[in-house]
Amino acid sequence: MFRLMLTTTLAMLPLAAGAQEITVGAANVTPFLDPGRDHSNVGSQFYYNSFDTLINRDHSKLESKWVPALATSWELIEPTVMELTLREDVIFHNGDPMTADDVVFSLNRMFQATFPPYVVRAKDRLGNFTEAEKVDDYTVRIHAAREEPLWETLISLQQIMIIPEVYTKALTGDPELAEDGDYEAFALAPMGTGPYRVADLQPGEKLVWERFNGFWGEIAPLERATVVQIAETASRVTALKTGEVDIITNVAPDQISLIERDPNLKTEGTATALFHVMIMNQNHPKLQDPRIRQAMSLAIDRDALNEALWLGKAVVPSTHTMEEMGALHQPELTTFEYDPERAKALLEEAGYDGFEITYDTAATYYTNGLLAAQAITEMWSAVGINGRVNVQDQWSGDDPEMMARNWSNPMYFSDPFGSFGVMWAPEGPSESEGRFNTDAEYAEKWERFRFSTDIDARKAAYAELMEEMKADPVVLPLYRPFESWAMKRSVNWAPMPGHIPYVLDFRAGSISLADS
Amino acid sequence: MIPYLARVLVKAVVTLFAIMTVTFIATRFSGNPIDTFLGEGLTTEGRQALIDYFQLDQSLWQQYLAFLRGALSGEFGLSFVDRRPVTEVVAERLWPSAQLLLASIGLTIAISLPLGVLAAVYRKSWIGSAVMVVAFAGYAVPAFVLAIGMILIFSYWLDWLPVVGSSTALHFIMPTIAMSGVLVAALTRFTRNAMLDVLGQDFIRTARAKGLGEMRVVLRHGLGNAAITVISVIGLQIAGLAAAGSVVIESIFSWPGIGQLLVNAAIIRDYPVLQFGVIAVAFAVVAINALTDIAYALADPRIRLGQN
């Protein structure tokens, strides 16, 4: 009983002290922290507070503005070689100074990956980089295979945030070698250079950040931030209301008005930089005629889906593009439309005989995924397509029998390459699963889009790719789902437009607490 | 007594083996873990590399044999996601679940036995009827409805009780009540019926005829004999609660216990955690049942003496 009372008292201390502390109630807490191998929506919430990249971007802005981070300056010394000068006063959370060795180690663990989880993450986005090389203690060079139009964008990826070499290698086995076991151990004992150190990580359950006073930049505004998993929506909202937590994540659209009615609470939301999409199998024997797939796409009234499922707060795109993509944002392209009359005509032309078209979805994986599937098959039926929702938990994207299903195309970084470019690359995930074909012509357009150093050339090539998608469709971006956070009025926090989705950014300038 | 104990133990071991096999098969049929925890956009080669890395490429039969070999030597493997031994992952969740279970059992016994006895003794008065109405109502309300209802009233509206976690005594109140609800209702009814049965027996009349006080008749001779039924019911109900009850309640209250762990592991298909978690729960259920059998034998001489 005494211990119980003691814990009770201890648990209440932080409240009494009125320190700069917050508790976040999250639908999911990450089971591990390794920026290199992770690109999940759950994980991306957590990296930015504890880790740094060499180059950072000003996240308060939608357009890309690059700012120094662990590198103070950078320049191309050859078309394929970038030289970066490192900041000299950086220390890791364990007190070790950061040098070129750590940077080269962190980069090469991805550029020349041998640990399979790194291999798969590096391949799709960092494939153009061959190696990082130390020039002196505070200068490194990065070598690319081909001229790279996206240097800063790719150098600021979460996957190549900087981790300590000596510490990581010593975690298991031989302290001189980087073994798979070291990377696995690192994921439970993460260490970076960011403004908060991970003081406690209980996988899937709880994460505690503490202010790191040795941080090289502006000191963190919070003494301590705790993220606890509260899986149940009702419990999450209640915990916010009772004051047990200060911020909650993943607030469903229908909860927003309930929360806003409470004078002490508010919500902040944004259309996530991620598309929920419908994919169609180009190689299914019954769907090989592109007119059938065009009809499947044209029959879907995405604005109606948005109104019904997202209260109109989601964003429906005209093509596979997002405003976060800056100069490469091309809303003027109209690749995807709603035209039921044309859908009917195409079906007739193609001689559609009423065969059943299945639409696969998991029961709960995507928010509103099942409801959207049901609505879509109803819309199909309005133009004469005999659709059926097939609820199954297995991923069917690599199944030759798959006809259509839901999927998502996240924006891994703010460029069309970070979304469409990864998912629909020649030999990328879609083609390798056998539901999408590319030919030499497509590959040539994709290469021009990916590697042209001239922005207009890239835009033109992307427009050509979108024309291919229109003529022989395999994907329909449905909408960017609307994601909300709710918090006490005393918390000044909102998702920043320059981040990838879901980042909980508690750095200086991103969050403050009023004294109420 | 020894042959009886041996029979109980053999039964327990066979049950555990069957559960391990069924768990293994059921988890494999639920889909591929690679789909869930590595995010989207894997190429076929990338997927294959990870399947090899996580050793998911062996045939089911090989995996099963490896699993059994590991189980016999106490090695249940590493979690796919956080790469810790699953024994460690599950172990840190056991105590919070056990705390909640013990609190619920304590609360249930503290409420049900007196209520059941009261309902039996005053079966013809309004007291007996009132107890039974409450018991039936409690039996009809599912635990999650009770839990959400309490959250709405005591947290959302009144702001008296916390909803998240297990850190203080206050945190125990709602989950304990929600866990106990159905159990209290069931046990009260069983206690009442067992007491009614016993109180109508000849030896109770004899006890009264000897001039014993009513209190002593009811508690010593009545409840003492009704205990056999009551113990077996408690055993069964606790086993059921340990197996399934905690999953829902722990999820609702973010209780860092094994139920919540199992839900998460099932969603992301972390087979090793799921397998060992289910086995740990099954072991608890089997152990509780075995203990119940033994307690039953201790309470009833006919069982421990009459088996041969």
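Residues numbered from 1 in each chain as written. Chains lettered and ligands numbered in written order. Predicted model: local features only at pLDDT ≥ 70, side-chain atom pairs only at ≥ 80, totals over all residues.

K.L.:
Before we go on, may I ask you to explain the overall build of chain B in this structure?
P.N.:
Helix and strand content of chain B: 13 helices and 0 strands. When the helices and strands of chain B are read in sequence order from the N terminus, they spell out α-α-α-α-α-α-α-α-α-α-α-α-α. In chain B, which comprises 308 residues, the share counted as buried stands at 40%. A separation of at least 24 residues holds for 75% of the contacts in chain B among residues at least 6 apart in sequence. (Helix = DSSP H or I, 4+ residues; strand = E, 2+ residues; numbered from the N terminus. Buried ≥ 20, exposed ≤ 12 C-beta atoms within 10 Å, placed from the backbone. Contact = placed C-beta atoms within 7 Å.)

K.L.:
Quick question: what am I supposed to make of the overall build of chain A here?
P.N.:
Helix and strand counts for chain A come out as 16 helices and 20 strands. The C-alpha atoms of chain A give a radius of gyration of 24 Å, which matches the 24 Å a tight globule of 516 residues would have. Taken along the three principal axes of its C-alpha coordinates, chain A extends 75 × 60 × 40 Å. Taking all 516 residues of chain A together, 50% fall into the buried category. For chain A, restricting intrachain contacts to residue pairs at least 6 apart in sequence, the fraction spanning at least 24 positions comes to 68%. (Rg over C-alpha atoms; globule rule 2.2 N^0.38 Å.)

K.L.:
Please clarify how the domain arrangement of chain A should be interpreted in this entry.
P.N.:
Frequently, the measure chosen for interface size is the accessible area removed from exposure when the parts meet. Residue and element names in this part refer to chain A. Split by domain assignment, chain A resolves into domain 1 (19-49 + 194-270 + 483-515), domain 2 (51-165) and domain 3 (274-479). Using C-alpha coordinates to define each centre, domain 1 is positioned 27 Å away from domain 2. For the side of domain 1 that touches domain 2, a count of residues per class yields 6 nonpolar, 7 polar and 3 charged. (Domains from an automatic or database assignment. Nonpolar A, V, L, I, M, F, W, Y, C, P; charged D, E, K, R; others polar.)

K.L.:
Would you explain helix 9 (residues 290-298) of chain A in this entry?
P.N.:
One turn of an α-helix holds 3.6 residues; hence residues three or four places apart share an orientation. With 7 of its 9 residues buried, helix 9 of chain A lies for the most part within the structure. On the buried face of helix 9 of chain A, the contacting elements are strand 13 (274-280), helix 11 (340-350), strand 14 (356-361), helix 12 (369-383), strand 16 (404-410) and strand 17 (475-479) of chain A.

K.L.:
Looking at this structure, how should I read the interface of chain B and chain A?
P.N.:
Taken together, the 37 residues of chain B in the interface contact 47 residues of chain A. Those elements giving two or more residues to the side of chain B that touches chain A turn out to be helix 3 (44-53), helix 7 (143-157) and helix 10 (214-252) of chain B. Here the side of chain B that touches chain A is composed, by residue class, of 15 nonpolar, 15 polar and 7 charged.

K.L.:
Please explain the sheet that holds strand 17 of chain A as it appears in this structure.
P.N.:
Each strand in a sheet pairs with another by means of backbone hydrogen bonds, the pair being arranged parallel or else antiparallel. All names here are of chain A. Read across the open sheet, the 5 strands follow the order 15-14-16-13-17; overall the sheet is mixed. Single-partner strands in this sheet number two, and they are strand 15 (386-391) and strand 17. Between one strand and the next, the sheet's axes are offset by a mean angle of 35°, whatever the strand orientation. In this sheet, strand 16 lies alongside strand 13 in antiparallel orientation, the contact comprising 7 bridges. Residue pairing in the sheet places Met280 in a bridge with Ala404 of strand 16. (Pairing = 2+ DSSP bridges. Axes fitted to C-alpha atoms, helices over the stretch in contact; angles between N-to-C directions.)

K.L.:
I keep staring at the packing of helix 7 (residues 233-242) of chain A against helix 7 of chain B and nothing clicks. Help me out?
P.N.:
Angle between the axes and distance between the axes are the two parameters that describe a pair of packed helices. Two elements in contact, helix 7 of chain A and helix 7 of chain B, have axes whose closest approach is 10 Å; the angle formed by their N-to-C orientations is 10°. Considered as vectors, helix 7 of chain A and helix 7 of chain B are oriented roughly parallel to each other. Only Ile148, Ile151, Ser155 and Tyr156 of chain B of helix 7 of chain B make contact with helix 7 of chain A, whose side of the interface consists of Ala234, Ser235, Thr238, Lys241 and Thr242 of chain A. In terms of residue class, the contact of helix 7 of chain A with helix 7 of chain B is built from 4 nonpolar, 4 polar and 1 charged. (Parallel < 35°, antiparallel > 145°, perpendicular 65-115°, else oblique.)

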